[in-house]
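So you can see what is in the structure, the chains are spelled out below.
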Amino acid sequence: MKKAYCLKTLSQFIILTLLILFPSVSAFSQAKRYKIYDDYIDTYKGIAIDHMKKYKIPASITLAQGLLESGAGKSSLTQSSNNHFGIKCHNDWTGGRVYKADDTPNDCFRKYKKAEESYEDHSRFLAEKPRYKSLFSLKITDYRGWAKGLQQCGYATDKAYANKLIKIIEDYELYQHDKKGGGKEKDKDKEEQIVIREYKHTPYKTHNLIYVRAENGDTYEAIAAEFGFKPKDLYKYNEVPEGFPLKQGDLVYFEKKKSKADKPYYDHVVQVGESMHSISQLYGIKVKNLYKMNKKDFEYVPEEGDVLKLR
């Protein structure tokens, strides 16, 4: 990646930020939302939040897995067995069983009397299996780390599994439920409560764009207050909806992103845990342009090993 350099003076930084005049459209506003997904979330978010408090599994991850594995509750497996997470019987299962084609023509899946039992079994399955132990050292708000870890720990054989979970979480803003019990209620006094500190972050410039790197516990509101931006402007520049969470190391741009990457960045090989948005942030490209350059629609989920054009 092109070498980033620190802006030497605050005045230099301010002059450059005066060029920031053009807002961009949120990347996630382009994603099509399905009513059956919203209905599923409304039905099961309470259980997911309760289990987050009890088992320390992000509610966003539970909901995304439920949506993906059950087809929003409409899959034949879910309809016939109340199995919302595609959990197979395994040697320790003594409950009901149904048989469906999966890895073999007649795989054994767990059967439950009601959906709540499936959610409980899913949470216990992750919490009690040694292979998933490493996930519980992650922060409850680190849905990207959880999604990546689930795939790497062997929860599913789909090479795009983590990236599919991330897309669902971001498209439906499920990360909102990971914050202190969940819910999308907004704190009207949030901005007034922010303590403004003296330039905690160092502005950098790369791809001819000004940005800072998020630190642990950062929010867009706090960074906006620190540098005198309106939070809504930072959300627009970074193409995210209000309340979108930041992870340590994330790039937060202070100006409109570009239509294509700078030379010599011609393509990108997709890694586990990446989304079209995270790739766009890495190179300072607008998300809609990244889709367009690669002739993909907004339903596309990047799979590990895919090669995406950047210019």
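These numbers were taken from a predicted model, which means no experiment stands behind them.

(A) Structural detail: the packing of aromatic side chains. Tallying each qualifying case throughout the model produces 20 aromatic pairs. Through a chain of ring-to-ring contacts, three or more aromatic side chains come together here, namely Tyr40, Tyr44, Phe85 and Tyr119. The aromatic ring of tyrosine 300 is capped on one face by lysine 296, whose charged end is 4.7 Å from the ring centroid.

(B) Local environment of the environment of isoleucine 210. Looking at the secondary structure, you find isoleucine 210 in strand β5 (residues 209-213). Considering only alpha carbons, one finds isoleucine 210 and glycine 284, 74 residues apart in sequence, at a separation of 9.8 Å.

(C) Up close: the packing of helix α2 (residues 35-55) against helix α3 (residues 59-70). Interhelical geometry of α2 versus α3 gives an angle of 135° and a closest axis separation of 8 Å. When the interaxial angle is binned, α2 and α3 end up oblique. Judged by the sense of rotation from one axis to the other, the crossing of α2 with α3 is right-handed. Judged by residue contacts, Tyr37, Tyr40, Ile41, Tyr44, Lys45, Ala48, Ile49 and Met52 of α2 engage Ala59, Thr62, Leu63, Gly66, Leu67 and Ser70 from α3. Residues of the contact of α2 with α3, tallied by class, amount to 10 nonpolar, three polar and one charged.

(D) Representation of the state of the cysteines in the model. Here the structure, examined in full by the defined rule, presents one disulfide. Disulfide pairing places cysteine 89 opposite cysteine 108 at an S-S distance of 1.9 Å. Residues cysteine 89 and cysteine 108 are joined through a disulfide that is left-handed, its torsion about the S-S bond being -65°. Placement of the pair is cysteine 89 in the loop between α4 (76-81) and β2 (96-100) and cysteine 108 in strand β3 (residues 107-111), with a sequence separation of 19 residues. The pair formed by cysteine 89 and cysteine 108 is uniform in burial state, with each residue classed as buried.

(E) Broad picture of the nonpolar core. Grouped together as the largest cluster of nonpolar side chains are 61 residues, with contacts concentrated most on Tyr155, Leu174, Leu234 and Phe254. In terms of residue count, the dominant contributor to this core is α2 (nine residues). Residues contacting tyrosine 155, with those up to four places away along its chain left out, are Gln65, Glu69, Phe85, Ile87, His122, Phe125, Leu126, Arg131, Tyr132, Leu150 and Tyr161. Among the nonpolar cores identified, the runner-up in size contains 13 residues, and Met276, Val287, Leu308 and Leu310 belong to it.

(F) Fine view of the pairing of β3. Burial analysis of β3 places four of its five residues in the buried class, the great majority of the element. Bridge count between β2 and β3: five bridges; the pairing is antiparallel. Counterpart to tyrosine 99 in the pairing with β3 is cysteine 108. Where β2 folds back on β3, the antiparallel hairpin that results is connected by six residues.

(G) Quick peek at the environment of glycine 249. Tracing the chain through its elements places glycine 249 in the loop between α10 (231-237) and β6 (251-253). Sequence separation between glycine 249 and alanine 214 is 35 residues; the distance between their C-alpha atoms is 5.1 Å.

Conventions adopted
Residues numbered from 1 in each chain as written. Predicted model: local features only at pLDDT ≥ 70, side-chain atom pairs only at ≥ 80, totals over all residues. Heavy atoms only, no water. Phe/Tyr/Trp six-rings, centres within 6.5 Å; stacked < 30°, edge-to-face > 60°. Lys NZ or Arg CZ within 6 Å of the ring centre and 35° of its normal. Helix = DSSP H or I, 4+ residues; strand = E, 2+ residues; numbered from the N terminus. Axes fitted to C-alpha atoms, helices over the stretch in contact; angles between N-to-C directions. Parallel < 35°, antiparallel > 145°, perpendicular 65-115°, else oblique. Left-handed = near helix turned anticlockwise from the far one by under 90°. Contact = heavy atoms within 4.5 Å. Nonpolar A, V, L, I, M, F, W, Y, C, P; charged D, E, K, R; others polar. Disulfide = S-S within 2.5 Å. Buried < 20%, exposed > 50% of the residue type's maximum accessible area, 1.4 Å probe, protein only. Core = buried A, V, L, I, M, F, W, Y, C linked by side-chain atoms within 4.5 Å. Pairing = 2+ DSSP bridges.

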